[in-house]
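Reading the structure
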Amino acid sequence: MEWLSSFFIINLIGLSANLDNTGVGIAYGLKHFRIPSWFNAIINVIGFFNTLIGVFLASIISQVISPTATGLVSFCVFFSIGFLTIYNRYSGLLYGKNKPMVKIHQPTLRQAIILGFALSVTNIAAGFGAAVAYELLIWPLIISITCWGYICIWIGNVIGNTVFLKVFGQYSSLVAGLIFMAIGLNQLFQ
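**Quick word on the overall build of the chain**
Counting its secondary structure elements, the chain contains 8 helices and 0 strands. Ordered by position from N to C terminus, the α and β elements of the chain give α-α-α-α-α-α-α-α. Counting only contacts in the chain whose residues sit at least 6 apart along the sequence, the fraction spanning at least 24 positions is 91%. For the chain, the accessible area works out to roughly 10,700 Å², and carbon and sulfur atoms hold 74% of it.

**What to know about the packing of aromatic side chains**
Throughout the structure, instances matching the rule amount to 3 aromatic pairs. Look at Trp-38 and Phe-39: their rings are 5.8 Å apart centre to centre, the planes differ by 85°, and that puts the pair in the edge-to-face class.

**Looking at a nonpolar patch on the surface**
A surface patch of nonpolar side chains, amounting to about 440 Å² of accessible area, comprises Ile-53, Phe-56, Leu-57, Ile-60 and Ile-61. Relative to the helices and strands, Ile-60 is located in helix H3 (residues 37–62). By relative accessible area, which is 41% here, Ile-60 ends up partly exposed.

**Regarding the nonpolar core**
Grouped together as the largest cluster of nonpolar side chains are 20 residues, with contacts concentrated most on Ile-13, Tyr-134 and Leu-141. Secondary structure elements with two or more residues in this core: helix H1 (2–16), H3, helix H4 (67–95), helix H6 (121–133) and helix H7 (138–158).

**Quick look at H1**
Here H1 spans 21 Å end to end across 15 residues, near enough to the 21 Å set by a 1.5 Å rise per residue. Residues Ser-6, Ile-9, Ile-10, Ile-13, Gly-14 and Ser-16 constitute the buried set of H1.

**Some points on the environment of Arg-89**
Mapped onto the elements, Arg-89 comes out in helix H4. Judged by relative accessible area, Arg-89 falls into the partly exposed class, the value being 30%. For the pair Arg-89 and Tyr-171, spaced 82 residues apart in sequence, the C-alpha separation works out to 9.1 Å.

**A short note on the packing of H3 against H7**
As a packed pair, H3 and H7 sit with axes 9 Å apart at the nearest point and diverge in direction by 150°. Looking at the two axes, H3 sits roughly antiparallel to H7. Crossing of H3 against H7: the hand is right-handed. For the pair H3 and H7, contact is made by Ser-37, Asn-40, Ala-41, Ile-43, Asn-44, Phe-48, Thr-51, Leu-52 and Val-55 and by Ile-138, Trp-139, Ile-142, Ile-145, Thr-146, Gly-149, Tyr-150, Ile-153 and Trp-154, respectively. Its residues assigned to classes, the contact of H3 with H7 shows 12 nonpolar, 6 polar and no charged.

**Topic: helix H5 (residues 109–119)**
Among the residues of H5, Gln-111, Ala-112, Leu-115, Gly-116 and Leu-119 are the ones counted as buried. Buried residues along H5 cover an arc of 135° about the axis, so they all sit on one side.

**Description of the side chain of Asn-18**
Inspection of the secondary structure puts Asn-18 in the loop between H1 and helix H2 (19–30). The buried category is assigned to Asn-18, whose relative accessible area is 1%. Within the structure, Asn-18 has its side chain in polar contact with the backbone oxygen of Gly-14 (distance 2.8 Å). Those residues in contact with Asn-18 that lie beyond four places of it in its chain are Asn-123, Ile-145, Trp-148, Gly-149 and Cys-152.

Analysis parameters
- Residues numbered from 1 in each chain as written.
- Predicted model: local features only at pLDDT ≥ 70, side-chain atom pairs only at ≥ 80, totals over all residues.
- Heavy atoms only, no water.
- Helix = DSSP H or I, 4+ residues; strand = E, 2+ residues; numbered from the N terminus.
- Contact = heavy atoms within 4.5 Å.
- Areas by Shrake-Rupley, 256 points an atom, 1.4 Å probe, with all protein chains shown as cover.
- Phe/Tyr/Trp six-rings, centres within 6.5 Å; stacked < 30°, edge-to-face > 60°.
- Patch = residues over 30% accessible without salt bridge, like charges linked within 9 Å, V, L, I, M, F, W, Y side chains within 5 Å.
- Salt bridge = Lys/Arg side-chain N within 4 Å of Asp/Glu carboxyl O.
- Buried < 20%, exposed > 50% of the residue type's maximum accessible area, 1.4 Å probe, protein only.
- Core = buried A, V, L, I, M, F, W, Y, C linked by side-chain atoms within 4.5 Å.
- Expected span 1.5 Å × (residues − 1).
- Axes fitted to C-alpha atoms, helices over the stretch in contact; angles between N-to-C directions.
- Parallel < 35°, antiparallel > 145°, perpendicular 65-115°, else oblique.
- Left-handed = near helix turned anticlockwise from the far one by under 90°.
- Nonpolar A, V, L, I, M, F, W, Y, C, P; charged D, E, K, R; others polar.
- Arc of directions from axis to C-beta.
- Polar contact = N/O pair within 3.5 Å; in protein donor to acceptor, adjacent residues only side chain to side chain.

Given below as structure tokens:
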């Protein structure tokens, strides 16, 4: 059953690190733009390398601190990612600030690179937290985060015109944040 738990955690981290990618796919889908495979691949190659950066930083830090402190660091990272994901999405609603509308255009190489870096900030943090918490599962986690990034953009784009995903896209930050917070809380009790 250990493998089932690991499989579940690996995919949960991969999915929650990329729910914002679904929102990007939905946004393009709502404007009836099809995201080409090359565009999606560029975004997720950048995400892959940023996840590696997070893992590398975590491996250095985990050599310096104790296993108990490692669990606490992992909790702090995942919980913070979750909190900030929720806060960044909904702070404008709380404080009455209106975010400027982003214009969606036909996908270009420049947009793919910019989106790749913007969407992979959570990949750095997820890679860091995952490497600290699950040292033996580093490569499966990196692959999971990268694959889920591609899948989330593709799914969001394919069915971006449906009513279900319009609602889901509106709450994807909340869902991602709560999942990260739950993973963080799990680290405290391991």
